[in-house]
Amino acid sequence: MFEEKYIPNDVVRLSFKNGVSLSVKREDLLHADISGNKFRKLKYNFIRAKELGLEIIVTFGGAYSNHIAATAAAGKEFGFKTIGIIRGEELASKFLENPTLKRAHENGMIFKFVTREEYRQKTTAEFVKKLDSEFGNYYLIPEGGTNILAIQGCQEILKKQDQEFDYICSAVGTGGTLAGLINASGVKQQVLGFPALKGDFLTEVINGFVEKRNWELIADYHFGGYAKTTKELLDFLSSFYDKTGILLDPIYTGKMIFGIMDLIEKSYFPAASKILAIHTGGLQGWNANFESKLVIV
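What comes next concerns the included structure. Just so you know, these numbers come straight off a predicted model, no measurement behind them.

**A short note on unusual backbone geometry**
- Look at Phe2: it is not a glycine, yet its phi comes out positive at around 60 degrees.
- Tracing the backbone shows Phe2 in the segment before strand 1 (11-15).
- Even without being a glycine, Asn18 presents a positive backbone phi close to 60 degrees.

**Description of the nonpolar core**
- Counting residues in each nonpolar core, the largest one holds 30 residues, and the members touching the most others are Phe194, Phe236, Met256, Ile257, Ile260, Phe269 and Ile275.
- When contributions to this core are tallied by element, the ones reaching two or more residues are strand 2 (21-26), strand 7 (167-172), strand 8 (190-195), helix 9 (231-244), helix 10 (253-265) and strand 11 (274-279).
- For this core, the leading source of residues is helix 10, giving six residues.
- With 19 residues, the next largest nonpolar core counts Ala179, Ile182, Val210 and Ile278 among its residues.

**Here we look at the sheet that holds strand 4 (residues 81-87)**
- In spatial order, the strands read 5-4-3-6; together these four strands make up an open sheet with parallel pairing. Looking at which strands have only one partner, the edges of the open sheet turn out to be strand 5 (110-114) and strand 6 (139-140).
- Examined bridge by bridge, strand 4 and strand 5 share five bridges and lie parallel to one another. The residue of strand 5 that forms the bridge with Gly84 is Phe111.
- Of the strands in this sheet, strand 3 (56-61) and strand 4 touch helix 2 (residues 66-78), which is tilted by about 165 degrees from strand 3.
- Docked against the sheet, helix 5 (residues 125-135) engages strand 3, strand 4 and strand 5, running at close to 140 degrees with respect to strand 3.

**Let's talk about the environment of Ala277**
- Within the secondary structure, Ala277 is located in strand 11.
- Looking at Ala277, the relative accessible area reads 0%, which means it is buried.
- Remark: the alpha-carbon pair of Ala277 and Leu22, spanning 255 residues in sequence, is separated by 7.1 Å.
- Once you skip the residues sitting within four places of it in the chain, Ala277 turns out to touch Leu22, Ser23, Val24, Lys25, Cys169, Met256, Ile257 and Ile260.

**Notes on the pairing of strand 8**
- For strand 8, the tally of buried residues reaches five of six residues, placing the bulk of the element in the interior.
- Across six bridges, strand 7 lies against strand 8 in parallel orientation. Residue pairing across strands places Ile168 opposite Val191, the latter belonging to strand 8.
- In this region the chain leaves strand 7, passes through helix 7 (residues 176-184) and returns to the parallel neighbour strand 8; the handedness of that crossover is right-handed.
- With three bridges joining them, strand 8 and strand 9 (residues 215-217) adopt parallel strand pairing. Bridge pairing links Val191 to Trp215 in strand 9.
- The β-α-β motif built from strand 8, the intervening helix 8 (residues 202-207) and the parallel element strand 9 has right-handed crossover chirality.

**Focus: the pattern of salt bridges**
- Here the structure, examined in full by the defined rule, presents 17 salt bridges.
- Between Arg13 and Glu164 there is a salt bridge whose closest N-O contact spans 3.5 Å. Here the residue Arg13 occupies a position in strand 1, and Glu164 occupies one in the loop between helix 6 (148-154) and strand 7, the gap between them amounting to 151 residues.
- With its nearest N and O atoms 2.7 Å apart, the salt bridge here joins Glu106 to Lys102. With Glu106 and Lys102 both in helix 3 (residues 99-106) and four residues apart, this pair spans about one turn of that helix.
- On the basis of relative accessible area, Glu106 is assigned to the partly exposed category, the value being 42%.

**Points about the packing of aromatic side chains**
- All chains considered together, the criterion is met by 17 aromatic pairs.
- Taking 5.8 Å as the distance between ring centres and 55 degrees as the angle between the ring planes, the aromatic pair formed by Phe2 and Phe46 counts as tilted. Of this pair, Phe2 sits in the segment before strand 1 while Phe46 sits in helix 1 (residues 36-51), placing them 44 residues apart in sequence.
- Judged by relative accessible area, Phe2 falls into the buried class, the value being 4%.
- One aromatic cluster is present, built from ring pairs that chain together Phe194, Tyr221, Phe223, Phe236, Phe240 and Phe258.
- One Lys or Arg, Arg87, reaches over the ring of Tyr119 and ends 5.1 Å from the middle of that ring.

Cut-offs and rules
Residues numbered from 1 in each chain as written. Predicted model: local features only at pLDDT ≥ 70, side-chain atom pairs only at ≥ 80, totals over all residues. Heavy atoms only, no water. Helix = DSSP H or I, 4+ residues; strand = E, 2+ residues; numbered from the N terminus. Core = buried A, V, L, I, M, F, W, Y, C linked by side-chain atoms within 4.5 Å. Buried < 20%, exposed > 50% of the residue type's maximum accessible area, 1.4 Å probe, protein only. Pairing = 2+ DSSP bridges. Contact = heavy atoms within 4.5 Å. Axes fitted to C-alpha atoms, helices over the stretch in contact; angles between N-to-C directions. Right-handed = clockwise from strand over helix to strand, strands pointing away. Salt bridge = Lys/Arg side-chain N within 4 Å of Asp/Glu carboxyl O. Phe/Tyr/Trp six-rings, centres within 6.5 Å; stacked < 30°, edge-to-face > 60°. Lys NZ or Arg CZ within 6 Å of the ring centre and 35° of its normal.

Shown next as structure tokens:
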């Protein structure tokens, strides 16, 4: 279950001024539907659910959630019933118009649509009690998939050969992937996270999962916040694809790579630095027509 199946040339290396190099680790190639960090985050959670003899996975997400899409695909592949608690009750009558939810539905996921106010209560004992009474025995995975088992999976992103890099970079959503990278990083490596959301709450979250202090959040490249972008960023994604053949998404990986290359241009990294950027997937969103949900600011 959850076997890694990289295709050849899974790392792409680019060279810049002062001998700085940027390598892109293609975690998006792990699996067609359970790609990137979602593959890593779900791996040990699904294994644990199987060990417990549970056949139902319950989790949370929004209308275009990579996590919802990946959980549904994993449930279908590994024989679990999946239930998604979806933010936004207005979607109940039109979820088939949403490509992400439509695909998750085709992969067998059952939806429970809740109001945004209810969704904010999802971690409370009262809300969980309602889930217990409605769904019986199930395995619960938090929004975005981040928990201690997810971090265990994300630690496997870095391999022995990755010790050659001076910097490890990742986009940041809920913080689980970055925490795994920090735990797996070498003593001489610096880990940089590029948040897709505004706010500084992630520092506290990540600190709860790590003991090392060799990391930093670079908060200057969120382009207005989650699911917001600019024409400059979209033009960059197009140019980067033309030059490298690597498709980035405008919510997570695109902002990270833009940020890294901007920092290279500004001489943030010392001469001859070797940078490894993790492509965490998220490309299912292009099928959902990102332009229809992004706010161009």
